[in-house]
Structures are given as C-alpha cells and as structure tokens.
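So you can see what is in the structure, the chains are spelled out below.
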Amino acid sequence: MEKVDIKSMDITELQELLQELGEPKFRAKQLFDWLHAKQVDSFAEMTNLSKSLREKLGETAAINGVKIVRRLVSQIDGTRKYLFALSDGAIIESVLMKYEHGNTVCISTQVGCRMGCKFCASTLDGVERGLTAGEMLSQIYAIQKDCGERVHGTVLMGSGEPLDNYNNVVKFLHMVTDPAGMGISPRNISLSTCGLVPKIWTFMEDAPHVTLSISLHGVDDESRSRIMPVNRRYGLSQLIPAAKGYADKTGRRVVFEYALIAGQNASKEDAAKLAALLRGVNCHVNLIPLNPVKERGLAGISREKAHQFAGWLTERGISATVRREMGTDIEGACGQLRRRVLAEGKGGSLQ
C-alpha cells in the first residue's frame, strides 16, 4: 500500500490519521511541530512520541523531501541557486536571495509549466505535474538547513503557474504561515501568476492575503497575446478588474511584472499606454530587463533604458522600479539550469 504524504497534512488531517492509528488527537500538534518547526527528516527523531507510534507512522506515512542535485553560489552577492530532485526523480529549481532585511526563497510550484509564455524557459517542455504542499515546504526547509540561516520570506515565482496548482498552493500558504510551523508572515510572501482570472477572484477568499504579482508584459491585448497565450482566454478587460479587486479586497498593493523586450514593449509610447491601463489600480510596476532565452529569440534592453522607462511611468503617476539583478554569475532565467541538467542527464548521471 502506498504511504501517505505526511508533510502535506495540516493539523486536522494529522488528527484524522492518528485516530485511524488508534492514537490520541493531541499528538497531531506534536507531529506538526516535528515536521514543520523542527523540520526533521525521520520519525526516529521524534523523541517525545512513543516507539510504537513511530513504528506505526513509519509503516503508514512517508516524510517526502527534496535532495540537492546541484548548488550554485554567486560570488557577487551570495545568491544560491538549487536544483532539487523529488522522490519520483523529477527535478525543480529554487533560489535563495539574501537581502538586508532577511533571506527570501523563490520556490517552484510545478515541475515545468504549461502556460507557454514566449520569454520563459520553464514552459519549453510543458508541465509534468503540480508539486504537493509538502514538496513546496521542503524547498524552504532544505535551503534553510543547507545555508544554516533563517528564511524570512518566500516568493512563488519559480517554475510553474501557482494558480494552475491551486489547491496545493493554497494549502502550502496556510501551512507556511501557521505560527506552529515556520510562521512566515503573509506580508513576506509573494505569488506570481500569468493571469488566471477566475482563480484570482477565488484566491483572495481562500488564501492568506499575500502580495499578488501579475506577469503583464504587454500594454494591450494584441501585444500581450503575442507573448502570453493565456491572454487569448483572459484578456486585459478581465485581468485588470481582477487585479483591482484583489488590491481593494486585501488592502495590498498589486505588483505588475513587466519584462522589457527590445522592439516590442519598451518605447515611450508603450509607457504611456501602460500608465493609462493601470490608472486607478493600487499597484507597483516591477520592470525586468529581459533575461534572454536562446530558444526564444527575444532580446532585452539595457538597464539604463529600463530606468528611463521607469521614469516615464513615474511621470505619469505610476509607481515603478527596475528589478535588482541578483546572482547574475550563476545562471540566467528561471528554468534554464533545469533544462541544461536534464540534457546532461540524458547522457549520464545528474550528479
């Protein structure tokens, strides 16, 4: 019989599991503490549980985690990029980013992605599957153990579309913010979506009120649809009201991610159109000089021109900054390390 994924269980589910094993429900809080506060990797380490209970748990459940396949450390700013193997052999990427205010981990939510955005490496091979809540948590736990430092925040901006793995992501957010576990504040969490509009409306009701980041990258439906197929289904006339609804409901400023692509969306006229599109929305624009992906044939612009674009937006009353470059010496855009190592693995070991 397949063992249950105990790291993905919340307190209620742990209580139900313990009842099935003939154990008192209060043990659930002890189990949750071992898994998510102490972050142990085996039942043998849970010393305040009886030996018989630990044996029953070992027969019934598995503490699935992630295994480091590769680790790249930036000599510039200490950013660490990780390639992790999951229990089924699938591999994903995560990144540790060091800031003055603390450490933030960028996690993946799916193995690959099916959204098809033209500037992204993660989506080139499609999606294999969504990650469980436990696999998302494990990325943070493994990085915290590896670097020996506390993680203060997380961003769901790695491989995958978080709202395409909706139930697991919502569960992860409830668990990672639980004071009995890591207790990360929702204010220190950002989730990035390409714009699955119906899910945005339900997300503001179902999940802790984290910062919502929306990948925009176009100033009208024509330009956005060229690089983001999702826009053909959920156009800007649906997306912008959903963003405004999220900001109004949560009181949190929505962040619009905008990758500046040479010859496509980076002119002064584009800045004027973007400002008009976002007027009335409590938002901030995060400008990204595009990280080129060789399979895509798109080029970015210089950081100098990116700051000029930010100035054009600011002049029109829209808050905007150019995203800080981190770990530029260790790997490029999200998904590129995974693709390179997968290609290497076809000829031998991933190690």
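Residues numbered from 1 in each chain as written. Predicted model: local features only at pLDDT ≥ 70, side-chain atom pairs only at ≥ 80, totals over all residues. Heavy atoms only, no water.

### Digging into the overall build of the protein
Here is step 1 of the chain: Of the regular secondary structure elements, the protein holds 11 helices and 14 strands.
Here is step 2 of the chain: Over its C-alpha atoms the protein spans a radius of gyration of 21 Å, differing by no more than 12% from the 20 Å that the globule rule assigns to 351 residues.
Here is step 3 of the chain: Seen through its principal axes, the protein has C-alpha atoms that stretch 70 × 50 × 40 Å.
Here is step 4 of the chain: The burial tally for the protein puts 54% of its 351 residues in the buried class.
Here is step 5 of the chain: Put simply, of all contacts in the protein between residues at least 6 apart along the chain, 66% involve residues at least 24 apart.
Here is step 6 of the chain: Per element, the accessible surface of the protein, about 15200 Å² overall, is 48% carbon and sulfur.
Here is step 7 of the chain: Looking at the protein, you have 45 positive and 40 negative side-chain charges, and the mean spots of the two groups are 2 Å apart. (Helix = DSSP H or I, 4+ residues; strand = E, 2+ residues; numbered from the N terminus. Rg over C-alpha atoms; globule rule 2.2 N^0.38 Å. Buried < 20%, exposed > 50% of the residue type's maximum accessible area, 1.4 Å probe, protein only. Contact = heavy atoms within 4.5 Å. Areas by Shrake-Rupley, 256 points an atom, 1.4 Å probe, with all protein chains shown as cover. Lys, Arg positive; Asp, Glu negative; His and termini not counted. Charge placed at Lys NZ, Arg CZ, Asp CG, Glu CD.)

### With respect to the pattern of salt bridges
Here is step 1 of the chain: Following the criterion strictly, the structure yields 17 salt bridges and no others.
Here is step 2 of the chain: Two residues, Lys 171 and Glu 13, come together in a salt bridge whose shortest N-O distance is 2.6 Å. On the criterion of sequence distance, the pair formed by Lys 171 in helix 5 (residues 166-176) and Glu 13 in helix 1 (residues 11-20) is long-range, its members being 158 residues apart.
Here is step 3 of the chain: Residue class for Glu 13 comes out partly exposed when judged on its relative accessible area of 28%.
Here is step 4 of the chain: Because the salt bridges share partners, they merge into one network encompassing Arg 71, Arg 80 and Asp 146. (Salt bridge = Lys/Arg side-chain N within 4 Å of Asp/Glu carboxyl O.)

### Focus on the packing of aromatic side chains
Here is step 1 of the chain: Tallied over the full model, the rule gives 4 aromatic pairs.
Here is step 2 of the chain: Seen in terms of ring centroids, Phe 203 and Tyr 246 are 6.2 Å apart; in terms of plane orientation they differ by 15°. Their pairing is stacked. Here Tyr 246 lies in helix 8 (residues 236-250) and Phe 203 lies in helix 6 (residues 197-206), a separation of 43 residues in the sequence.
Here is step 3 of the chain: The class for Phe 203 is buried, based on a relative accessible area of 1%.
Here is step 4 of the chain: Note on Tyr 258 and Phe 309: the rings are 5.6 Å apart at their centroids and 20° apart in plane angle, and the pair reads as stacked. (Phe/Tyr/Trp six-rings, centres within 6.5 Å; stacked < 30°, edge-to-face > 60°.)

### Structural notes on the nonpolar core
Here is step 1 of the chain: Counting 105 residues, the largest nonpolar core has Ile 6, Phe 172, Leu 173, Phe 203, Phe 256, Leu 287 and Leu 313 as the members making the most contacts within it.
Here is step 2 of the chain: In terms of residue count, helix 4 (residues 133-147) provides more of this core than any other element does, 8 residues in total.
Here is step 3 of the chain: Those residues in contact with Phe 203 that lie beyond four places of it in its chain are Leu 163, Tyr 166, Val 170, Leu 173, Leu 191, Val 210 and Tyr 246. (Core = buried A, V, L, I, M, F, W, Y, C linked by side-chain atoms within 4.5 Å.)

### Let's talk about unusual backbone geometry
Backbone geometry follows two general trends: most residues other than glycine have a negative phi, and most peptide bonds adopt the trans configuration.
Here is step 1 of the chain: Even without being glycine, Gln 39 reaches a positive phi, approximately 60°.
Here is step 2 of the chain: Take Gln 39: it is sitting in the loop between helix 2 (27-37) and helix 3 (51-60).
Here is step 3 of the chain: In this structure, His 217 takes a positive phi of about 65° despite not being glycine.
Here is step 4 of the chain: In this structure, His 217 sits in the loop between strand 11 (211-215) and helix 7 (221-227).

### Some points on the packing of helix 1 against helix 2
Here is step 1 of the chain: Running from amino to carboxyl end, helix 1 crosses helix 2 at an angle of 120°, the nearest separation of the two axes being 8 Å. Taken together, helix 1 and helix 2 sit at an angle that is classed as oblique. Considering the relative orientation of helix 1 and helix 2, their crossing is right-handed. Between helix 1, through Ile 11, Leu 14, Gln 15 and Leu 18, and helix 2, the contact on the second element is made entirely by Arg 27, Ala 28, Lys 29, Leu 31 and Phe 32.
Here is step 2 of the chain: Here the residues of the contact of helix 1 with helix 2 sort into 6 nonpolar, 1 polar and 2 charged. (Axes fitted to C-alpha atoms, helices over the stretch in contact; angles between N-to-C directions. Parallel < 35°, antiparallel > 145°, perpendicular 65-115°, else oblique. Left-handed = near helix turned anticlockwise from the far one by under 90°. Nonpolar A, V, L, I, M, F, W, Y, C, P; charged D, E, K, R; others polar.)

### Points about the side chain of Thr 193
Here is step 1 of the chain: Examined against the element boundaries, Thr 193 turns out to sit in strand 10 (residues 189-193).
Here is step 2 of the chain: The class for Thr 193 is buried, based on a relative accessible area of 1%.
Here is step 3 of the chain: When near neighbours in sequence (up to four residues on either side) are disregarded, Thr 193 contacts Glu 161, Leu 163, Ile 200, Leu 212, Ser 213, Ile 214 and Ser 215.

### Here's the deal with the pairing of strand 3 (residues 67-73)
Here is step 1 of the chain: As paired strands, strand 3 and strand 4 (residues 80-85) are joined by 6 bridges and run antiparallel to one another. In the strand pairing of strand 4, Lys 67 is matched with Ala 85.
Here is step 2 of the chain: Joining the antiparallel neighbours strand 3 and strand 4 is a turn of 6 residues, in which Gly 78 adopts a positive phi near 80°. (Pairing = 2+ DSSP bridges.)

### What about the sheet that holds strand 3?
Here is step 1 of the chain: The strand order 3-4-5-6-9-10-11-12-13-14 describes an open sheet built from 10 strands, whose pairing is mixed. The outermost strands of the open sheet, each flanked by one partner alone, are strand 3 and strand 14 (320-322). The sheet shows a mean angle of 20° between the axes of neighbouring strands, direction not considered.
Here is step 2 of the chain: Helix-sheet contacts for helix 8 involve strand 11 and strand 12 (254-260), and the interaxial angle to strand 12 is about 140°.

### Some words on the packing of helix 4 against helix 5
Each pair of packed helices can be summarised by the angle the axes make with each other and by the distance between the axes.
Here is step 1 of the chain: Direction vectors running N to C along helix 4 and helix 5 enclose 50°, while the axes themselves pass 8 Å from each other. The pairing of helix 4 with helix 5 is recorded here as oblique in orientation. The hand of the helix 4/helix 5 crossing is right-handed. Side by side, helix 4 and helix 5 meet where Ala 133, Met 136, Leu 137 and Ile 140 of the first sit next to Asn 168, Val 169, Lys 171, Phe 172, Met 175 and Val 176 of the second.

### Here we look at helix 3
Here is step 1 of the chain: Residues of helix 3 that are buried include every one of Leu 53, Leu 57 and Thr 60, and no others. All buried residues of helix 3 fall inside an arc of 70° around its axis, so they share one side. Among the exposed residues of helix 3, those oriented more than 90 degrees off its buried face are Lys 51 and Glu 59.
Here is step 2 of the chain: Buried residues along helix 3 sit against strand 1 (4-5), helix 1, helix 2 and strand 2 (61-62). (Arc of directions from axis to C-beta.)

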